[in-house]
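Structural overview
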Amino acid sequence: MGALKGAPGGDLLLPGSASLASALIPQGLIDEFRILVNTLWLGQATPLFRDLPGRRNLTLRDTRFFSNGKVLLRYRNLP
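Each value, and the rule that gives it
- Residues numbered from 1 in each chain as written.
- Predicted model: local features only at pLDDT ≥ 70, side-chain atom pairs only at ≥ 80, totals over all residues.
- Heavy atoms only, no water.
- Helix = DSSP H or I, 4+ residues; strand = E, 2+ residues; numbered from the N terminus.
- Contact = heavy atoms within 4.5 Å.
- Areas by Shrake-Rupley, 256 points an atom, 1.4 Å probe, with all protein chains shown as cover.
- Lys, Arg positive; Asp, Glu negative; His and termini not counted.
- Charge placed at Lys NZ, Arg CZ, Asp CG, Glu CD.
- 1 Å grid on protein atoms, 1.4 Å probe; cavity = no way out; pocket = protein on both sides within 12 Å on 5 of 7 lines; lining within 4 Å.
- Points joined across faces, edges and corners; volume = space filled by probe spheres on them.
- Nonpolar A, V, L, I, M, F, W, Y, C, P; charged D, E, K, R; others polar.
- Pairing = 2+ DSSP bridges.
- Axes fitted to C-alpha atoms, helices over the stretch in contact; angles between N-to-C directions.
- Salt bridge = Lys/Arg side-chain N within 4 Å of Asp/Glu carboxyl O.

What about the overall build of the chain?
When its secondary structure is counted, the chain shows 2 helices and 3 strands. From first element to last, N terminus to C terminus, the chain shows the α and β order α-α-β-β-β. Put simply, 55% of the contacts in the chain that link residues at least 6 apart link residues at least 24 apart. Counting only carbon and sulfur atoms, one obtains 55% of the accessible surface of the chain, whose full area is about 6,600 Å². Taking the average location of the 10 positive side-chain charges in the chain and that of its 5 negative ones, the two points are 3 Å from each other.

Quick look at the structure:
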């Protein structure tokens, strides 16, 4: 999969799959996260990404607020 990241062309978007993202994160294949937060009450916390080794340093690059209450968070993944 590392060859795909180095190949010419535009960016790739991986919509809605935290489990697939969790498989790509340890390989260093994700440069940016765009997380859409939909506010609702679940009663307990559920991690977005599971079974990841260590801690990740992310830098918040942008936020966007929508009239329906959702918030888009854009983070840069640091090595």
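Alright, that's what it looks like, and here's the rest.
Focus: the layout of surface pockets
Its boundaries defined by the atoms lining it, the largest pocket holds a volume of some 1,300 Å³. Looking at the largest pocket, it is lined by 35 residues, and the ones nearest its centre are Leu14, Ile30, Glu32, Phe33 and Arg34. Put simply, the parts of the chain that give the lining of the largest pocket at least two residues each are α1 (2-6), α2 (18-24) and β1 (32-37). Of all the elements, β1 adds the most residues to the lining of the largest pocket, at 6 residues. Classifying every residue of the lining of the largest pocket by side-chain character gives 22 nonpolar, 7 polar and 6 charged.

Concerning the sheet that holds strand β2 (residues 58-65)
One open sheet accounts for 3 strands, arranged β1-β3-β2; its pairing is antiparallel. If you trace the sheet from one side to the other, it starts and ends with β1 and β2, each paired once. Each strand of the sheet is rotated relative to its neighbour by a mean of 20 degrees, with strand direction disregarded. Sheet analysis places β2 next to strand β3 (residues 71-77), joined by 7 bridges and oriented antiparallel. Paired with Thr63 across the strands is Leu73, a residue of β3.

Details of the pattern of salt bridges
Evaluated as defined, the whole model comprises 3 salt bridges. Residues Arg34 and Glu32 are paired through a salt bridge, measuring 2.7 Å at the closest nitrogen-oxygen approach. Between Glu32 and Arg61 there is a salt bridge, and its shortest N-O distance comes to 3.3 Å. With Glu32 in strand β1 and Arg61 in strand β2, the pair connects residues that are 29 residues apart, well separated along the chain.

Observations concerning the environment of Leu72
Topologically, Leu72 is positioned in strand β3. Sequence separation of Leu72 and Arg34 is 38 residues, and the distance between their C-alpha atoms is 6.7 Å. Beyond its immediate chain neighbours, meaning those up to four positions away, Leu72 contacts Arg34, Ile35, Leu36, Asp62, Thr63, Arg64 and Phe66.

Limitation: the analysis is restricted to geometry and does not speak to function.
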